[in-house]
Amino acid sequence: MNWLVLYTKPKNEVKVAERLAAAGITVYCPLVTSLRQWSDRKKKVTLPLFSSYVFVQLAEVQRAAVFEVPGVVRYLFWLGKPAVVREEEMATLKEMLSDTYKEVRLATFAPGDRLILKEGVFKGQTATFKEQKGNQTILILNSLGTKLILEK
């Protein structure tokens with residue numbers, strides 16, 4: 001069975017994942033915890049890693065069953081076919097999100113320096129140091145082409 005990507009209504013990822021699981025469909029909605037600050041307090045909130053996306057694992061004949069769940073919009077397509085995520089990629093994603101930081105060390109880098117992240121969510125990934133802004137370190141993850149902002 002393949003992992004497929006579902007597009008959901010905005011801010012419905014967790015509810016859709018719960019409903020799909022209740023319907024007996026194998027589902028994965030990667031979540032991350034983030035510290036958010038309001039004017040009067042700080043709070044840890046759990047948010048989906050990918051906005052409006054949920055991963056489902058099901059057989060081709062079961063593809064239509066997901067549309068019975070409120071909040072599901074459509075499948076994500078690539079080259080005219082439903083986007084398939086390989087099992088290895090899903091395992092890597094799950095492994096990356098299961099890690100936690102044991103220790104943080106400060107180091108000095110120059111813009112353009114390449115480094116390999118040794119621990120944490122993106123363990124083993126190659127990144128390029130972009131800049132240091134106050135308490136934020138900005139890296140570019142080469143494999144994802146994404147900006148990673150680390151806060152002290």
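For the structure itself, consult the block above.
Residues numbered from 1 in each chain as written. Predicted model: local features only at pLDDT ≥ 70, side-chain atom pairs only at ≥ 80, totals over all residues. Heavy atoms only, no water.

J.: Mind showing me how you'd approach the side chain of S52 here?
T.: Mapped onto the elements of the fold, S52 is located in the loop between β4 (42–48) and β5 (53–58). By relative accessible area, S52 is classed as buried at 8%. What S52 contacts, discounting residues up to four positions off in sequence, is L6, Y7, T8, K9, P10 and E13. (Helix = DSSP H or I, 4+ residues; strand = E, 2+ residues; numbered from the N terminus. Buried < 20%, exposed > 50% of the residue type's maximum accessible area, 1.4 Å probe, protein only. Contact = heavy atoms within 4.5 Å.)

J.: Explain the packing of aromatic side chains here, please?
T.: According to the stated counting rule, one finds three aromatic pairs in the structure shown. Just above the ring of Y7 sits the side chain of R74; from NZ or CZ to the centre is 5.1 Å. Over the aromatic face of Y28 sits the side chain of K94, whose NZ or CZ is 5.0 Å from the ring centroid. (Phe/Tyr/Trp six-rings, centres within 6.5 Å; stacked < 30°, edge-to-face > 60°. Lys NZ or Arg CZ within 6 Å of the ring centre and 35° of its normal.)

J.: Explain the pairing of strand β13 (residues 146–151) to me, please; I cannot follow it from the model alone.
T.: Two faces make up the sheet, and in a regular strand the side chains alternate between them. Of the pairings in the sheet, the one linking strand β12 (residues 136–141) to β13 comprises six bridges and is antiparallel in character. Across the sheet, residue L139 finds its bridge partner in β13, namely L148. The loop that links β12 with its antiparallel partner β13 comprises four residues; one of these, G145, has a positive phi angle of about 65°. (Pairing = 2+ DSSP bridges.)

J.: Where do I start with helix α1 (residues 13–22) in this structure?
T.: Counting along an α-helix, one turn takes 3.6 residues, and residues three or four places apart therefore face a common direction. Within the sequence span of α1, burial applies to E13, V16, A17 and L20. Buried residues of α1 fall within an arc of 100° about the axis and therefore sit on the same side. Among the exposed residues of α1, those oriented more than 90 degrees off its buried face are E18 and A22. Close packing links the buried residues of α1 with β1 (2–8), β2 (26–28), β4, β5 and β6 (72–75). (Arc of directions from axis to C-beta.)

J.: Please explain the nonpolar core as it appears in this structure.
T.: Buried together is how nonpolar side chains tend to be arranged in soluble globular proteins. Counting residues in hydrophobic clusters, the biggest one holds 14 residues, and the most contacted among them are L6, L20, V56, L58, V66 and Y75. For this core, the elements supplying multiple residues, two or more each, are β1, α1, β5 and β6. Excluding residues within four positions of it along the chain, L58 makes contact with M1, N2, L4, I25, R63, V66 and Y75. L115, F122, F129 and L141 belong to the second largest nonpolar core, which has nine residues in total. (Core = buried A, V, L, I, M, F, W, Y, C linked by side-chain atoms within 4.5 Å.)

J.: Help me understand the pairing of β5, please; the structure alone is not making it clear to me.
T.: Most of β5 is tucked away, with five of its six residues classed as buried. Where β1 meets β5, six bridges bridge the pair, whose relative direction is antiparallel. In the strand pairing of β5, Y7 is matched with Y53. Sheet topology note: the β2/β5 ladder contains three bridges and is antiparallel. Pairing of T26 across the sheet is with Q57, part of β5.

J.: Would you mind going over the pattern of salt bridges with me for this structure?
T.: For the structure on display, the rule yields four salt bridges. Of the charged contacts, one joins R63 and E60 as a salt bridge, the two residues approaching to 3.0 Å between their closest N and O atoms. For E60, a relative accessible area of 58% corresponds to the exposed category. Across the pair E88 and R86 runs a salt bridge whose closest N-O atoms are separated by 3.3 Å. (Salt bridge = Lys/Arg side-chain N within 4 Å of Asp/Glu carboxyl O.)

J.: Can you walk me through the sheet that holds strand β10 (residues 114–116) in this structure?
T.: The strands making up a sheet associate through backbone hydrogen bonding, with each pair oriented either parallel or antiparallel. One open sheet accounts for four strands, arranged β10-β11-β12-β13; its pairing is antiparallel. The open sheet has two edge strands, β10 and β13, and neither has a second partner. Neighbour-to-neighbour, the strand axes of this sheet turn through a mean angle of 40°, independent of strand direction. As paired elements, β10 and strand β11 (residues 126–133) share three bridges and run antiparallel to each other. Paired with R114 across the strands is T128, a residue of β11. (Axes fitted to C-alpha atoms, helices over the stretch in contact; angles between N-to-C directions.)

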